[in-house]
Amino acid sequence: MSPDQPQKIRVRIEGRELTLSNLDKVLYPEHGFTKGEVIDYYTRVAPVLLPHLADRPATRIRYPDGTGDGAFYEKNAPSHTPEWVRTVRLPTPRSTRGASETDFIVIDDLPTLGWCANLAALELHVPQWRVGPRGGVREPDLMVFDLDPGEPATIVDACEVGLMLRDLLDADGLASYPKTSGKKGLHLYVPVEETGRTSDYARKAAERLEREHPDQVLSQMAKRLRKGKVFVDWSQNNPAKTTVAPYSLRAGAIPTVSAPVTWAEVETCREPGDLRFDADEMLTRVDEHGDLLAPLLTERQKLP
């Protein structure tokens, strides 16, 4: 094979044939993390990742030339999508492509996950609702808060606010489960009975927290107000929005992961590096802890 020709290998995964290409291509230039390592990570983390992707239409952020170059969001299934990849047609009234409907990919199995990773889909984002077995959108079964610190605040400050929010939710009888955003923030998830009230509840909870802690917490989206505070982004519960999936890679200088963490780790976070985990560290954590977000898959709580 000529050095100028793309490297390709054929593999079979769970009975599906995939062609993997350019495995030596570096996708994280500052770290040297290659596409082959991306595929290996997603293959190994799949047992805990796939349940959180199941039945949720996936938005992929692709970096075909690595994180040091351009990226693009991909909601639609591209024309070369294998016939065995599950797709669902959903309304997209606000599409920038002018399409009223879009065929989304649902990453339900390891072959589909591997196929996405081979397309350099480093980040996987999903909504808080699922699609039904015959299509159609169900009500949200998750509520999420995205705690986003405004400089010079860091994830350490987000952890402080996360503990305040945990207590507020506890008072309403709601258990919550944290994960890092994989960048500078913290996410809190609340598994709920399917309901259309998550956005309203989340907004009111964020506003209440802001009233109680005005020097630390912000519930408004205006970026000019965020300096030194933690924005409790409740808008992630809008059905049109998505949040990075647990265990998804993030695009940055190193292959960090949106990592489930324990409340004990949130309580003892003193430096941003305390809650920063890369792909290798994430695999070690899964071996040690299993899926810390497993309750999201089975627990259903009623909003007060």
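Structure shown above.
This report concerns the structure included in the present document.

A few words on the pattern of salt bridges. A full pass over the atoms with the stated rule returns 23 salt bridges. The partner of D167 in a salt bridge is R166, and the shortest N-O contact between them spans 3.6 Å. On the accessibility criterion, D167 (45% relative accessible area) is partly exposed. Judged by relative accessible area, which is 17%, R166 ranks as buried. Residues E265 and R285 are paired through a salt bridge, measuring 2.8 Å at the closest nitrogen-oxygen approach. Pair noted here: E265 is in helix α5 (residues 263-267) and R285 is in helix α6 (residues 279-289), with a separation of 20 residues, a long-range link. Each member of the salt-bridge network shares a partner with another, and the members are R56, R130, D141 and R300.

Inspection of the secondary structure puts S258 in the loop between β15 (243-244) and α5. Of the polar contacts made by the side chain of S258, one reaches the side chain of K179; its length is 2.7 Å. Beyond its immediate sequence surroundings of up to four residues, S258 is in contact with K179, T180, S181, G182, H187, V244, A245, P246, Y247, S248 and R250.

Taken N-terminus to C-terminus, the directions of helix α3 (residues 155-171) and helix α4 (residues 198-212) make an angle of 120°; their axes are 11 Å apart at the nearest point. Between α3 and α4, the angle falls in the class oblique. Read as a crossing pair, α3 and α4 show a hand that is right-handed. Contact residues: V161, M164, L165, L168 and L169 in α3; Y201, A205, R208 and L209 in α4. Along the lines of polarity and charge, the residues of the contact of α3 with α4 split into eight nonpolar, no polar and one charged.

On to the environment of G135. Mapped onto the fold, G135 is located in the loop between β9 (121-126) and β10 (142-149). Sequence separation of G135 and T87 is 48 residues, and the distance between their C-alpha atoms is 9.5 Å.

A word on the pairing of β10. With seven of eight residues buried, β10 is to be regarded as a mostly interior element. With six bridges connecting them, β10 and strand β12 (residues 186-191) associate as antiparallel partners. Bridged to L147 within β12 is L186. In this sheet, strand β14 (residues 230-233) lies alongside β10 in antiparallel orientation, the contact comprising four bridges. Each bridged residue has a counterpart across the sheet, and for P149 the counterpart in β14 is V230.

Calculation criteria
Residues numbered from 1 in each chain as written. Predicted model: local features only at pLDDT ≥ 70, side-chain atom pairs only at ≥ 80, totals over all residues. Heavy atoms only, no water. Salt bridge = Lys/Arg side-chain N within 4 Å of Asp/Glu carboxyl O. Buried < 20%, exposed > 50% of the residue type's maximum accessible area, 1.4 Å probe, protein only. Helix = DSSP H or I, 4+ residues; strand = E, 2+ residues; numbered from the N terminus. Polar contact = N/O pair within 3.5 Å; in protein donor to acceptor, adjacent residues only side chain to side chain. Contact = heavy atoms within 4.5 Å. Axes fitted to C-alpha atoms, helices over the stretch in contact; angles between N-to-C directions. Parallel < 35°, antiparallel > 145°, perpendicular 65-115°, else oblique. Left-handed = near helix turned anticlockwise from the far one by under 90°. Nonpolar A, V, L, I, M, F, W, Y, C, P; charged D, E, K, R; others polar. Pairing = 2+ DSSP bridges.

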